[in-house]
Amino acid sequence: MSRSRRHFLRCSGLSLLAAPIVGPMSSPVFRNGYAESMSLDRWRGRVVVARNSGYDSFSKNPAGLLDQGLAALLGTERGSDAWRRLFRREDVVAVKVNALAGPRLSPGWPLVQAVVDGLKTAGVPAGQIIVWDRSSRELKRLGYPVNTSGDGVKVFGTDALRQGYEETITRAGSVGSCFSRIIARYATAVINVGVLKDHDLAGISVLLKNFYGAIHNPNKYHDNNCSPYVAHVNSHPDIRQKLRLNIVDAPVGQYHGGPAFNNRYTWTFGGLLLAVDAVAADRVALDLIQRQRQSAGLRTLRQDNRYPAYIDVAGEMGLGEATLSAIRRIEV
Amino acid sequence: MNSINRRHMMRLMLLGSGAYSLGQDRAPSSGSSVNLDDLQFKAEPSLRPVEAMFWEKQPQDKKVKCTLCPHECVVADMERGTCGVRENRDGTYYTLVHSRLCAAHLDPIEKKPLFHYLPGTKAFSIATPGCNLECKYCQNWQISQFRPEQIECIEASPEVLVANASRNAAPTIAFTYTEPVIFYEYMYDIAVAARPAGIGSVMITSGFINREPLRKLIPELAAIKVDFKGFTDEFYRTICGGELQPVLDALVTIRREGLWLELVVLIVPTLNDSIEENRKMFHWIKDNLGSHVPLHLSRFHPTYKLKNLPATPVSTLERLHSEARDAGLNYVYLGNVQWGHPAENTYCHSCGKMLIRRYGFQVVENHLDKGHCPHCRQSIPGVFTKS
């Protein structure tokens, strides 16, 4: 591939813009470059908790819960209107799921299918949707229909690509990683689909930490309860500027013993968390997990020396709202 | 892959230390100019599976039982064992880390530590991701406590590794950093390939392995170092996620098979530093493994999940050193202490004269004469000449 001088200069200039990111962000986090007329700052600190007694680990059918919650989040009459406000038909949408949690905790395929249907209502063709995580094997293990060709929704892991990760390491604060090309090159928009669970090192692993699945070296960033690293990964422009919607799939939650599934510490939550602001959603998830721990007579995560301080760091960096009292929780 | 070129090897050696060179920062793409139908995919998935050794089919639901280590995980289809690197695929058990290197370094053999095995030589030291224990103080937790797909690895066949060790004039390949038991098949194949090249293989392990695989492996090894975690089952269960008895059994097996053995005990303040407990351990070692087995008492430093404890006081280690000597152990060393400490040196157990003087991992003086004390001609236990 040849590159013109203009192209080179443009790239060099852009590189300067992507200088190390530390401290508070100088610009609003929700500058996604889509639907310019819509100020996404208004969704800051807004989290929908959509629950339905029928949505449990046995019946993982989200039915209308997703659309209902999304309409409540964006204040639209119908879910389809909300999808259209968030996505355009030109978008290539990367749906990042947490496949590492395993079949009993990871987002169920019915929910992912509902997300895909929602995107279609916004006009996004199925062929421009990639459902992904680190490896195809893990997706397959969840029962997802792995697909790398054809007109349908693409479902595959970064490892399936001949060149899965970028060749050079980019910095995001204290993190230096190669990002998955799915998010770095192919996607124009990202949906993060996490789970509601405890993590023995990170405290919790819900939405913000799910993007450890987008870098080639997550093992390097688990020290100090993953703080500030999780926040720094999320400050990377490829995430910060493309992330449009966050969904926590929680028919069940796990309040202790994570990250692997441990039935002893799960509870039926029967719902979804929805937010444009991932920091706020993580903060609400932390509150839910802490309450469940309290009910079970367990120590708080802070007492357990694994408080997820990265949520607070993300708040300080301007990535979202980390103060619980400042978050508007909308129950559906 | 048939060979590792120099650039590749340099990159690999940096993996273990995390010392990447940073590329230029890149701005995010503003939009996709890629037609997703043009994406290029690998012909083979990563984590190429190799059928595992030591497992049994179970009667129901395509389950398998792993018999490699004392966990003896019964694993359902599509699931993995405790180690996270062995997976049941449609009723057959596979290892996912054969030929997948996450670390490779040329280390002094003293760093393992092996003090009575070819002192002053280098060991081509390698690891794959994963472990069958979860020690709360693991120094290498960033590679041992993650699944192989979470860690950047390169593919290197046993033959390639042996060629690289040979090119680097390393008389030894060391399986280390993580727990080699979990990459048993890879280790075994390397050890078999290394022997004709005149390269010995050493395993740096926790010794949490079943008898049959251990006995099959021993003839292929030149030495073994076991991290003896402590002397109570409670310590093994609560701090390491293992059990004591299988480790004791493994140590006795190694001794009986005649493989050169050294031991390390990491002394952790308040958890396994009691004089009484260690005294029992020293006597058990003497009674079951003999008085000549080198014992390295090592200093704990706060890390991973044990950051609330201080580093072990050197005085504690020195006290335990005396206790071990009093218990009748002839070769007791201190590790992770200030370099130049007298307990880094080797002294003849017969006449007490210094035989090897060390400074950290460096051998400064070696007075051994074909494995004998030059002063009293006492034969010194160990492997001092390349076979």
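Provided above is the structure to which this section pertains.
Here's a quick rundown of the structure.

So, how was this worked out
Residues numbered from 1 in each chain as written. Chains lettered and ligands numbered in written order. Predicted model: local features only at pLDDT ≥ 70, side-chain atom pairs only at ≥ 80, totals over all residues. Axes fitted to C-alpha atoms, helices over the stretch in contact; angles between N-to-C directions. Helix = DSSP H or I, 4+ residues; strand = E, 2+ residues; numbered from the N terminus. Parallel < 35°, antiparallel > 145°, perpendicular 65-115°, else oblique. Left-handed = near helix turned anticlockwise from the far one by under 90°. Contact = placed C-beta atoms within 7 Å. Nonpolar A, V, L, I, M, F, W, Y, C, P; charged D, E, K, R; others polar. Buried ≥ 20, exposed ≤ 12 C-beta atoms within 10 Å, placed from the backbone. Pairing = 2+ DSSP bridges. Core = buried A, V, L, I, M, F, W, Y, C linked by C-beta atoms within 7 Å.

## Observations concerning the packing of helix H3 (residues 158-167) of chain B against helix H4 (residues 184-194) of chain B
Residues and elements named next belong to chain B.
So, point 1. The contact between H3 and H4 brings their axes to 9 Å, and the two run at 50 degrees. In terms of their interaxial angle, H3 and H4 are classed as oblique. Considering the relative orientation of H3 and H4, their crossing is right-handed. From H3, Pro158, Glu159, Leu161 and Val162 reach across to H4, where they touch Asp189, Ile190, Ala193 and Ala194.
So, point 2. Along the lines of polarity and charge, the residues of the contact of H3 with H4 split into six nonpolar, no polar and two charged.

## Structural notes on the pairing of strand S9 (residues 243-254) of chain A
All names here are of chain A.
So, point 1. Burial analysis of S9 places twelve of its twelve residues in the buried class, which makes it a mostly covered element.
So, point 2. Alignment of strand S7 (residues 189-199) against S9, held across seven bridges, turns out to be parallel. Across the sheet, the residue bridging to Val193 is Ile247, located in S9.

## Overview of H4 of chain B
All names here are of chain B.
So, point 1. Taken across its eleven residues, H4 has ten buried, putting it largely inside the fold.
So, point 2. Taken residue by residue, H4 has Tyr184, Glu185, Tyr186, Met187, Tyr188, Asp189, Ile190, Ala191, Ala193 and Ala194 as its buried positions.
So, point 3. Those residues of H4 that are buried are in contact with strand S1 (50-51), strand S6 (92-95), H3, strand S11 (172-175), strand S12 (200-205) and helix H5 (211-217).

## Focus on the nonpolar core
Residues and elements named next belong to chain A.
So, point 1. With 109 residues, the main nonpolar core has Val93, Val95, Val248, Leu273 and Ala285 as its most contacted residues.
So, point 2. With nine residues, the top contributor of residues to this core is helix H9 (residues 278-295).
So, point 3. Apart from the residues within four sequence positions on either side, Val248 is in contact with Gly194, Val195, Leu196, Val206, Leu207, Leu272, Leu273, Ala281 and Ala285.

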